[in-house]
Amino acid sequence: MTLPVLVDCDTGIDDAIALTYLAGHPDVRIAGVVSSAGNVEVAAVHRNNLVLAELLGIDAPVSRGAAAPLTADLMTADDTHGPQGLGHAHLPEPTTSGDPREGAQLWVETARAHPGELVGLVLGPHTNLALALELDPELPRLLRRLHIMGGAINHRGNTGPTSEWNIAVDPEAAQQVLAAFTGAPQRPVLGSLEATETVRFTSATLSRLQGTADRTGHPVATILVDALRWYFEFHQADGFGWMAHVHDPLVAAHAVTGGFARTRPLAVDVELTGMLTRGQTVGDELGRWGRAPNVDVLTDVRPEEFIDHLLQMLQDALSGGNRSL
Ligand code: BDR
Ligand code: CA
């Protein structure tokens, strides 16, 4: 039995690594990919997703999502992910334009096609899922579980001083998603910065991935190495040294395996109106709100074990044949 997974992402360097991981995972069937505006504009994200889907042999609809957040102006992170979203990588043109359905519609139809089975994985802003919840408020009861990369709990932000990128781009959407899933049969799992920033790629990690590129000759391996060099340069410019925080694959791997971290229940909400803190994810550690926990937050990550697993899975995923467009 494989696990059907719908991935909503703003590819994005670490999104691309997560997609490659999922495409190669023997227990996963990617049931749909929704392109989200975020790291770059939605047209560039969609192109990246289409090309990766073709090169990785992902046999699933790839749908273009909304071009802008629910109410905020779109901000993009070309400095972090490069002008096209994949750093220094050069991608071929996709040979298809993808699925004609809106991203929100694909969420709904895929969940309806797999009642109680579909894992939803949000690796970018929450715009498409918020729109999907407007179309079908039953979604929280239709999904097996929702897994989110987003937020920073008791941790500095990476976008504003207290806000994390995926929440900061569309705080209203993130707030609406958390509200809609409150009381769902399974609490969403939130992988926020204090967990995902433990996954630090170093020059040794990059060398191992370069080894995979040399051994397999797979174009996606080269894309990932060239993309990651940009990510390292960005982190170095931000004062972190020659390394990169690689967020999305940990959340994907935990969604699929349940491993590499533990979870703890917490009541979390999104700040929408703070003068300095818009987009902050606020966790009510002492229960002051009197609300039941609405998410399970990733904690106690085992980063070395995870990075070993990830690199092995990427090696396996990219050894299975050198696809071209
Ligand atoms: C998140 O923001 C994006 O830039 C990354 O792809 C990741 O999903 C980390 O804050
Ligand atoms: Ca992302």
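Keep in mind that what you see is a predicted model, and the values were worked out from it rather than measured.

**Some details on the coordination of the calcium ion (ligand 2)**
And then number 1: Looking at the metal site, the calcium ion (ligand 2) is ligated by Asp10 (OD), Asp15 (OD), Asp15 (OD), Leu123 (O) and Asp248 (OD), spaced 2.3 to 2.7 Å from it.
And then number 2: Taken in sequence order, the residues that donate to the calcium ion (ligand 2) follow the motif D-x4-D-x107-L-x124-D. Of the two residues, Asp10 and Asp15, both sit in the buried class.

**Comments concerning the packing of helix α1 (residues 13–24) against helix α11 (residues 219–237)**
And then number 1: Their axes nearest at 9 Å, the elements α1 and α11 cross at an angle of 150 degrees. By the criterion of interaxial angle, the relationship of α1 to α11 is roughly antiparallel. Both α1 and α11 take part in a crossing whose hand is left-handed. For the pair α1 and α11, contact is made by Ile13, Asp14, Ala16, Ile17 and Thr20 and by Val220, Leu224, Ala227, Leu228, Trp230 and Tyr231, respectively.
And then number 2: Of the residues contributing to the contact of α1 with α11, the split by class is nine nonpolar, one polar and one charged.

**Some thoughts on the packing of aromatic side chains**
And then number 1: A full pass over the atoms with the stated rule returns two aromatic pairs.
And then number 2: Taking the centre distance of 5.2 Å and the plane angle of 65 degrees together, the rings of Phe232 and Trp242 count as edge-to-face. Residue Phe232 is located in helix α11, and its partner Trp242 is located in the loop between α11 and β8 (244–245); the two are separated by 10 residues in the primary sequence.
And then number 3: For the ring pair Phe260 and Phe306, a centre distance of 5.5 Å and an interplane angle of 65 degrees mean the geometry is edge-to-face. One end of the pair, Phe260, is in the loop between α12 (248–257) and β9 (262–266); the other, Phe306, is in helix α13 (residues 303–319), and 46 residues separate them in sequence. Here Phe260 matches Phe306 in class, with each residue buried.
And then number 4: Directly above the aromatic system of Trp289 lies the positively charged group of Arg291, at a separation of 4.4 Å from the ring centroid.

**Some details on the pattern of salt bridges**
And then number 1: Enumeration over the complete set of coordinates arrives at 15 salt bridges.
And then number 2: Residue Arg141 pairs with Glu138 through a salt bridge whose shortest N-O separation is 3.5 Å.
And then number 3: Owing to a relative accessible area of 37%, Glu138 belongs among the partly exposed residues under this scheme.
And then number 4: Look at the salt bridges and you will find they share partners, linking Asp99, Arg101 and Glu109 into a network.

What counts as what
Residues numbered from 1 in each chain as written. Chains lettered and ligands numbered in written order. Predicted model: local features only at pLDDT ≥ 70, side-chain atom pairs only at ≥ 80, totals over all residues. Heavy atoms only, no water. Donors = N, O, S within 2.8 Å, 3.2 Å for Na, K, Ca; no water. Buried < 20%, exposed > 50% of the residue type's maximum accessible area, 1.4 Å probe, protein only. Axes fitted to C-alpha atoms, helices over the stretch in contact; angles between N-to-C directions. Helix = DSSP H or I, 4+ residues; strand = E, 2+ residues; numbered from the N terminus. Parallel < 35°, antiparallel > 145°, perpendicular 65-115°, else oblique. Left-handed = near helix turned anticlockwise from the far one by under 90°. Contact = heavy atoms within 4.5 Å. Nonpolar A, V, L, I, M, F, W, Y, C, P; charged D, E, K, R; others polar. Phe/Tyr/Trp six-rings, centres within 6.5 Å; stacked < 30°, edge-to-face > 60°. Lys NZ or Arg CZ within 6 Å of the ring centre and 35° of its normal. Salt bridge = Lys/Arg side-chain N within 4 Å of Asp/Glu carboxyl O.

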